[in-house]
Amino acid sequence: MVSSPNGTQAVDRAARLLTEVVHAPGSVTFTELAAATGLAKSTTSRLLLALERNGLVRRDDAGRFRPGEMFVRFAWRGGAEAGLTEVAQPYLDRLGEATGETVNLGVGRDGMVEQIAQVDSVYLIGATNWLGRAVPLHCSAIGKVLLAYGAAKPPAGRLERCTELSINSRAALEAELAAVRERGYAVIDGELEPGLVAVAAPIYRDGGAVVAALSVSGPGTRLTPARIADVAAACMAQARGLSEVLGHRPDAAAPAQAQRAQAKREGAA
C-alpha cells in the first residue's frame, strides 16, 4: 500500500481488514487478521475498533471477529433471512441461560410458523426439538406475535384445533391479537399441545416492521402463571436487543407505524 497524506492509506488498511473478516469461512481472531494483512498489532487494533464502532465488524462471545450489524441490515432490506440466525444466537443463548427453558426464533412461512433457531432446555422434560417443525399460527406464541403485528396473515377457512384449548373462532382470535399488541408479547397455554406453555415477543427490523419472534416454551408445571411475567420480560428484553441490531429504532419507527395503522383503518371504513 502506498502512503498518502490525505488519509487513504488508513481507508485502504481498514478495507483490507474488513475484506478478511467478510471472506473468512467463520469468525477470525485478532492475531489471524494481523498476520493476514501484515499490519502492526497497534494499527490492527485501532482500525478494528473503528470498524466495530461503525457496525462493520462485531465480536462474538469468544472475542473473534465477524461481519457486523451493517451487513445484516443491508441483507434485510429485501426481507431476506440471511444471517439472522447467526446474529440472533447470542440473544437466544442469553435467554436460555436466564430461563433454563427451550428458546426459539421463528418466522412465518407458507401460512405456518417455522422455527429457524433453537436453544435447548436444561431440563429433560420439555426439551422438544422444534427446528423444521411447522405449527399453526393461531396455536403458537410466535404465530400470535406474527399475526398481531401483520408479519403473517390469518389462515383461511376453519381454524385448526390442535387441542381443546385452541382458539377456534375469528372473533376470539382478533381479541387475542389485540391483547398481544397491548401487552407486547403473546402467550399460549395448552393451545398447541396439552401442558405446553410459551411466551413470545416481536423482532423488528429498521422501519418498524416485525419480521420474526423470539419465544420461551416449557411445561406448565414450570412456566406457571406466577412466572410468566418474569419470563415475558426477559424475552422482550432480548427481542429488543436483537431488533436494535437489525436497525430498529422505536422512536423513529413510531410515526411510520401510526401512519400504517391509520391507513388500515381508513381502508376498512
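Each remark here, short or long, concerns the structure printed above.
These figures come from a predicted structure and were not determined experimentally.

Our next topic: the overall build of the chain. Counting secondary structure elements, the chain contains nine helices and eight strands. Looking at the chain as a whole, 43% of its 269 residues qualify as buried.

Take helix α6 (residues 141–148) next. Counted residue by residue, α6 has eight buried out of eight residues, so it is predominantly covered. Those residues of α6 not exposed but buried are Ala141, Ile142, Gly143, Lys144, Val145, Leu146, Leu147 and Ala148. On the buried face of α6, the contacting elements are β3 (102–109), β4 (112–119), α7 (170–183), β6 (186–189), β7 (196–204) and β8 (210–219). In this structure Ser140 caps α6, since a side-chain oxygen of it lies 2.9 Å from the backbone nitrogen of Gly143. Immediately beyond the C-terminal end of α6, within one or two residues, lies Gly150, with a positive phi of roughly 75 degrees.

One pass over the full model with this rule turns up one aromatic pair. Look at Tyr149 and Tyr204: their rings are 6.1 Å apart centre to centre, the planes differ by 75 degrees, and that puts the pair in the edge-to-face class. Taken together, the residues span a long stretch of sequence, with Tyr149 in the loop between α6 and α7 and Tyr204 in strand β7 at a distance of 55 residues. When the ring centre of Tyr91 is taken as origin, the NZ or CZ atom of Arg94, which lies over that ring, is 4.7 Å away. In this structure, Arg183 is placed above the aromatic ring of Tyr185, and the distance from its NZ or CZ to the ring centre is 5.3 Å.

Before going further, it helps to spend a moment on the packing of helix α1 (residues 8–23) against helix α3 (residues 41–53). With their axes 10 Å apart at the nearest point, α1 and α3 run at an angle of 80 degrees to one another. On the basis of the axis angle, α1 is roughly perpendicular to α3. Between α1 and α3, the contacting residues are Ala10, Arg13, Ala14, Leu17 and Leu18 on the first element and Thr43, Thr44, Leu47, Leu48 and Leu51 on the second. In the contact of α1 with α3, the residues fall into seven nonpolar, two polar and one charged.

Cut-off values and rules
Residues numbered from 1 in each chain as written. Predicted model: local features only at pLDDT ≥ 70, side-chain atom pairs only at ≥ 80, totals over all residues. Heavy atoms only, no water. Helix = DSSP H or I, 4+ residues; strand = E, 2+ residues; numbered from the N terminus. Buried < 20%, exposed > 50% of the residue type's maximum accessible area, 1.4 Å probe, protein only. Contact = heavy atoms within 4.5 Å. Polar contact = N/O pair within 3.5 Å; in protein donor to acceptor, adjacent residues only side chain to side chain. Phe/Tyr/Trp six-rings, centres within 6.5 Å; stacked < 30°, edge-to-face > 60°. Lys NZ or Arg CZ within 6 Å of the ring centre and 35° of its normal. Axes fitted to C-alpha atoms, helices over the stretch in contact; angles between N-to-C directions. Parallel < 35°, antiparallel > 145°, perpendicular 65-115°, else oblique. Nonpolar A, V, L, I, M, F, W, Y, C, P; charged D, E, K, R; others polar.

None of this, on its own, says anything about what the molecule does.
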